[in-house]
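# Structural overview
These are the residues of each chain, in order.
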Amino acid sequence: MFFAGQSMQGAVGVTLAMQTLPVGIGGAYLYYKQGLIDLWVVAAVAIGMLAGILGGGALATSGEISPVNLELLLGVVLVVLGGVTIAKTLLGYTTVHPKRNS
């Protein structure tokens, strides 16, 4: 979306629509068929995501945070999450599903 000249808010909106509708539903169905989705975990995560989406969406569209600061915040979150993922991998922590590890 950066190269398409979208605003940060517009890019987030397009990304949410693309992940949720065509990609998310199809991918979730395939994982569910393989028995890799725990619906209790899905429900718990959905509650947290709903709160984050409503709060974050309200904040991002209210004008309280400038588009520049919104981009900076997104970049920081992505770098931190990437660092955590790399550290977990290097330290030997695994996220391999038990059914696939046997």
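### Some words on the confidence of the model for the chain
Mean pLDDT over the chain stands at 82; residues scoring 70 or higher make up 88%. Mean pLDDT values for the elements of the chain range from 80 in helix α1 (residues 8–33) up to 90 in helix α3 (residues 67–90).

### Some points on a nonpolar patch on the surface
On the surface, Val41, Val45, Met49 and Ile53 cluster together to form a nonpolar patch covering roughly 360 Å² of accessible area. Here Ile53 lies in helix α2 (residues 39–62). Since its relative accessible area comes to 45%, Ile53 is described here as partly exposed.

### Focus: α3
Three- or four-residue spacings in an α-helix give side chains the same orientation, since the helix completes a turn every 3.6 residues. Taking 1.5 Å of rise per residue, the 24 residues of α3 would be expected to cover 34 Å, and the 35 Å separating its terminal C-alpha atoms lies within 8% of that figure. Gly92 sits one or two positions beyond α3 and adopts a positive phi of about 90°.

The rules behind these values
- Residues numbered from 1 in each chain as written.
- Predicted model: local features only at pLDDT ≥ 70, side-chain atom pairs only at ≥ 80, totals over all residues.
- Heavy atoms only, no water.
- pLDDT = per-residue confidence, 0-100.
- Helix = DSSP H or I, 4+ residues; strand = E, 2+ residues; numbered from the N terminus.
- Patch = residues over 30% accessible without salt bridge, like charges linked within 9 Å, V, L, I, M, F, W, Y side chains within 5 Å.
- Areas by Shrake-Rupley, 256 points an atom, 1.4 Å probe, with all protein chains shown as cover.
- Salt bridge = Lys/Arg side-chain N within 4 Å of Asp/Glu carboxyl O.
- Buried < 20%, exposed > 50% of the residue type's maximum accessible area, 1.4 Å probe, protein only.
- Expected span 1.5 Å × (residues − 1).

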